[in-house]
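Listed here are the chains, written in short residue letters.
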Amino acid sequence: MANEKKISFEVIKRLPRYYRYLGELKSNNITRISSKELSRRMNVTASQIRQDLNCFGGFGQQGYGYNVEDLHEAIGDILGLNNGHKTIIVGAGNLGRALANYKSFEKRGFKLVGIFDINNIKIGQNIAGLDVLDFNEAEKYIPDLAPDIAIITVPKEAAGSVAKKVISLGIKGLLNFSYTDIDVPDGVEIENVHLSDSLMTLSYKLEQQKKLNQ
Ligand code: ATP
């Protein structure tokens, strides 16, 4: 991809949203769109869109707009979605089960290949078509499953050791839902989803609104 090395992280963070909108346009059989129209739909300025998408070069044409399918595929490529990722979930509690049953991940190329827990009641249960495996025997299963991503949904006390174990077994990407920050070595990438933090931010905003209305 031309110019890919120059794409800033700020732009990369916006790409999933472009990808989502373009996917919706594609499924509505819309084949091309102007930056103005995309800007209206996404509530971003047209110049921001042009700037962002110019990073990949060659997709927008004056008077034509963007070819939806080409741009969708190019962004998918940059995000590494087109080859797919094998994923495991560690922690078959309420959140782990909900995520396992959430079909949208698979549609976006994140294939769930294993679910792990250490609780004997959970091990062997069938969740989303997979039998829960014993995480104490992770060495036995993970090399064969060969996942690149581990979704961590264990209590915070267990998160560090779970991360260490999956990293030692070659997993390079962690999606951490445990309510703690995990240190990872160079070469391993982590994204944290702290749902309570989002709720607290929302709570702050509501408080601000209340004060404004007083
Ligand atoms: P439930 O009530 O079904 O256990 P929960 O959402 O309240 O669900 P949590 O206490 O958040 O459960 O724990 C999430 C899951 O993580 C549980 O199924 C628990 O057995 C599992 N778990 C805890 N420690 C580990 C660990 N070290 N390795 C793997 N799984 C673990």
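Residues numbered from 1 in each chain as written. Predicted model: local features only at pLDDT ≥ 70, side-chain atom pairs only at ≥ 80, totals over all residues. Heavy atoms only, no water.

S.K.: Before we go on, may I ask you to explain unusual backbone geometry in this structure?
M.R.: Excluding glycine, most residues fall at negative phi; most peptide bonds, likewise, are trans. Even without being glycine, N29 reaches a positive phi, approximately 60°. Relative to the assigned elements, N29 resides in the loop between α1 (9–27) and β1 (32–33). In the Ramachandran plot, A128 falls in the positive-phi region, its phi being about 50° despite a non-glycine side chain. (Helix = DSSP H or I, 4+ residues; strand = E, 2+ residues; numbered from the N terminus.)

S.K.: Any chance you could explain the site of the ligand here in plain terms?
M.R.: Within the structure, the ligand sits among 16 residues, and N94, R97, D117, K122 and P155 are positioned closest to it. The backbone of G93 places a nitrogen or oxygen atom 3.4 Å from an oxygen atom of the ligand. Within the side chain of D117, a nitrogen or oxygen atom sits 2.6 Å from an oxygen atom of the ligand. Burial of the ligand by the protein amounts to 65% of the accessible area it has alone, namely 620 Å². At the level of secondary structure, the elements contributing two or more residues to the shell around the ligand comprise α5 (94–100) and α8 (156–168). Within the shell around the ligand, the residues separate by chemical class into eight nonpolar, five polar and three charged. (Near = heavy atom within 4 Å. Polar contact = N/O pair within 3.5 Å; in protein donor to acceptor, adjacent residues only side chain to side chain. Areas by Shrake-Rupley, 256 points an atom, 1.4 Å probe, with all protein chains shown as cover. Nonpolar A, V, L, I, M, F, W, Y, C, P; charged D, E, K, R; others polar.)

S.K.: Would you mind going over the pairing of strand β4 (residues 85–90) with me for this structure?
M.R.: Bridge count between β4 and strand β5 (residues 110–117): six bridges; the pairing is parallel. Across the sheet, residue V90 finds its bridge partner in β5, namely F116. Two strands pair when backbone bridges link them, and β4 and strand β9 (residues 149–152) are joined in this way by four bridges, in the parallel orientation. Note that in β9 the partner of I88 across the bridge is A150. (Pairing = 2+ DSSP bridges.)

S.K.: What exactly am I supposed to notice about the pattern of salt bridges here?
M.R.: Two side chains that carry opposite charge are able to pair once their charged atoms sit near each other. Throughout the structure, instances matching the rule amount to eight salt bridges. The salt bridge involving E139 is made with K165; its shortest N-O contact spans 2.4 Å. Separated by 26 residues along the polypeptide, E139 in helix α7 (residues 138–145) and K165 in helix α8 bring together distant segments of the chain. A relative accessible area of 40% places E139 in the partly exposed class. Notably, a salt bridge pairs E207 with K210, separated by 3.2 Å at the nearest N-O pair. Of this pair, E207 and K210 both sit in helix α9 (residues 195–213), three residues apart, which is roughly one turn of that helix. Taking the relative accessible area as the measure of exposure, E207 reaches 34% and is therefore partly exposed. Beyond isolated ion pairs, a larger network of salt bridges with shared partners links E37, R40 and R41. (Salt bridge = Lys/Arg side-chain N within 4 Å of Asp/Glu carboxyl O. Buried < 20%, exposed > 50% of the residue type's maximum accessible area, 1.4 Å probe, protein only.)

S.K.: Can you walk me through the domain arrangement of the chain in this structure?
M.R.: Size of an interface, as often reported, equals the accessible area lost when the parts are brought together. With domains assigned, the chain is organised as domain 1 (9–79) and domain 2 (85–196). One C-alpha centre belongs to domain 1, the other to domain 2, and the line joining them spans 32 Å. (Domains from an automatic or database assignment.)

S.K.: What is the right way to read the nonpolar core from this model?
M.R.: The nonpolar side chains of a soluble globular protein tend to be buried with one another. In terms of nonpolar packing, the biggest core is built from 21 residues, with Y18, L22, L38, I49, L53 and I75 touching the most fellow members. Only α1, α2 (35–42), α3 (46–54) and α4 (68–78) provide two or more residues apiece to this core. With seven residues, α1 is the single largest residue contributor to this core. A159, V162, I167 and I171 belong to the second largest nonpolar core, which has 20 residues in total. (Core = buried A, V, L, I, M, F, W, Y, C linked by side-chain atoms within 4.5 Å.)

S.K.: How do you make sense of the packing of α1 against α3 when you look at a structure like this?
M.R.: The description of two helices packed together rests on the angle between their axes and the distance between the axes. It is at 11 Å that the axes of α1 and α3 come closest, and there the two elements cross at 105°. The orientation of α1 with respect to α3, classified from their angle, is roughly perpendicular. Of α3, the residues touching α1 (which contributes V11, R14 and Y18) are Q48, I49, D52 and L53. Across the contact of α1 with α3, the residue classes tally to four nonpolar, one polar and two charged. (Axes fitted to C-alpha atoms, helices over the stretch in contact; angles between N-to-C directions. Parallel < 35°, antiparallel > 145°, perpendicular 65-115°, else oblique. Contact = heavy atoms within 4.5 Å.)

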